[in-house]
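Survey of secondary and tertiary structure
These are the residues of each chain, in order.
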Amino acid sequence: MTPRFHGGDLHHIKQTYPDAHTPWVDLSTGINPWGYPWMEKLSSERLYQAGNRLPGDNDYERCRQAYARYLNCTTEKLVFGPGSQALLEKLPALFPHSDVYVLGPTYQEHGHSWDRMGHTVHFLPYTAESLSMIPAGKIIQITTPNNPDGATIEPAQLYAFALSYTAKNGILVIDEAFMDLTPENSLINYDLPDGVFVLRSLGKFFGLAGLRLGVLHASPGFCQRMISLSALWNISTLTLEIATTAVADTAWITTTHKTLARQMDRLCDLLKGSGYLLVGRTDLYCFITGDNIPELFYHLAQAGIYTRRFNDRPDHLRFGLPPTEAAFDRLNTLLQDPLL
């Protein structure tokens, strides 16, 4: 089986660079390094009880209600999975074999997931113009904001396209894993037709990737179908309890939006000041290019800073947010190295 390497695989990078400076600073993901402080927000008694019993219908429903308020939608249009990755792997098996058009370059698991289930996958440039090139009645996969470059299609334009395309029996699957950063741009804000499926994630903005909770927004009938096919107790009681609290914590959410924007501005200024071209960004990652990107990756890795490179775009790197002042200072010093 071919290994599937993604950001955050510190074990792999440590094996590749065994003599690197430690401790490692992991900038290879788009996960909030200052994630939701659930151990402070929930009492030890609540955490113990949640970790000590199986989840019941009430746990799922409480979490669905909290998420529905957070996303400004109704509970019957939401279904949970053990991470948005698990949901995007499950979706292709629920549609007849078709041509699937993926706008990219983008998160590689989208293409892999449809291909593994026997669909014929086509890749098109990530532009609004590409949408007009896709035949009617097919499946379209779009990630917005796109990973790794942060590209988007204007939401009103994408919604108008969704209405016209689904009216001709087409399907749109929209990965909004990073949309918590700009919730005003979510397609969930619109009255979506049945052929639109939107994926959300607790792992990115809330920094709770290890809890494994993904959310699918779809028609009530499709959500019921997904629930009927889900494994029993597929989400832990502890995950449901933490998620219910996190998505309802409006004070933390508001403060975190400001913190992430400020820190990403700082990171982008640092990279641009070092001579690199900013291709795109969200408030959790930025995507750069320059004349010496392979050398930069190697230079940083030898110094114990793990960034995200891409085989299909070797002249680009993605940076997540440094988690501490010491990490920012270390990165700044390395970027000024005259040997680069």
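Residues numbered from 1 in each chain as written. Predicted model: local features only at pLDDT ≥ 70, side-chain atom pairs only at ≥ 80, totals over all residues. Heavy atoms only, no water.

1. Overview of helix α8 (residues 155–166)
Across its twelve residues, α8 extends 16 Å between first and last C-alpha, which sits within 8% of the 16 Å expected from 1.5 Å per residue. Taken together, the buried positions of α8 are occupied by Pro 155, Leu 158, Tyr 159, Phe 161, Ala 162, Tyr 165 and Thr 166. All buried residues of α8 fall inside an arc of 165 degrees around its axis, so they share one side. Packed against the buried residues of α8 are α7 (128–131), β5 (139–143), β6 (171–175) and β7 (196–201). Regarding α8, its N-cap is Glu 154, as a side-chain oxygen of that residue lies 3.1 Å from the backbone nitrogen of Ala 156 further along. (Helix = DSSP H or I, 4+ residues; strand = E, 2+ residues; numbered from the N terminus. Expected span 1.5 Å × (residues − 1). Buried < 20%, exposed > 50% of the residue type's maximum accessible area, 1.4 Å probe, protein only. Arc of directions from axis to C-beta. Contact = heavy atoms within 4.5 Å. Polar contact = N/O pair within 3.5 Å; in protein donor to acceptor, adjacent residues only side chain to side chain.)

2. Quick notes on unusual backbone geometry
Residues Thr 22 and Pro 23 are joined by a peptide bond in cis, for which omega reads 0 degrees. Mapped onto the elements of the fold, Pro 23 is located in the loop between α1 (10–16) and β1 (25–26). Located in the positive-phi region is Asn 72, a residue other than glycine, with phi close to 60 degrees. On the secondary structure map, Asn 72 appears in the loop between α4 (57–71) and β2 (78–81). Its identity as a non-glycine residue notwithstanding, Arg 212 has a phi of 60 degrees, on the positive side. Note on placement: Arg 212 falls in the loop between β7 and β8 (214–217). Judged by relative accessible area, which is 37%, Arg 212 ranks as partly exposed.

3. A closer look at a nonpolar patch on the surface
A cluster of nonpolar side chains, namely Leu 54, Leu 232 and Trp 233, defines an oily patch on the protein surface of about 360 Å² accessible area. Turning to its location among the elements, Leu 54 is positioned in the loop between α3 (44–51) and α4. (Patch = residues over 30% accessible without salt bridge, like charges linked within 9 Å, V, L, I, M, F, W, Y side chains within 5 Å. Areas by Shrake-Rupley, 256 points an atom, 1.4 Å probe, with all protein chains shown as cover. Salt bridge = Lys/Arg side-chain N within 4 Å of Asp/Glu carboxyl O.)

4. Considerations on the pattern of salt bridges
Throughout the structure, instances matching the rule amount to 14 salt bridges. A salt bridge links Arg 62 to Glu 241; its shortest N-O distance comes to 3.3 Å. Here Arg 62 is found in helix α4, whereas its partner Glu 241 is found in helix α10 (residues 237–246), with 179 residues between them in sequence. Classification of Arg 62 by relative accessible area gives partly exposed; the value is 30%. Salt-bridge contacts for Arg 116 lead to Glu 109; the nearest nitrogen and oxygen are separated by 3.6 Å. Looking at Glu 109, the relative accessible area reads 1%, which means it is buried. What you see here is one network of salt bridges that share partners, running through Arg 46, Arg 62 and Glu 241.

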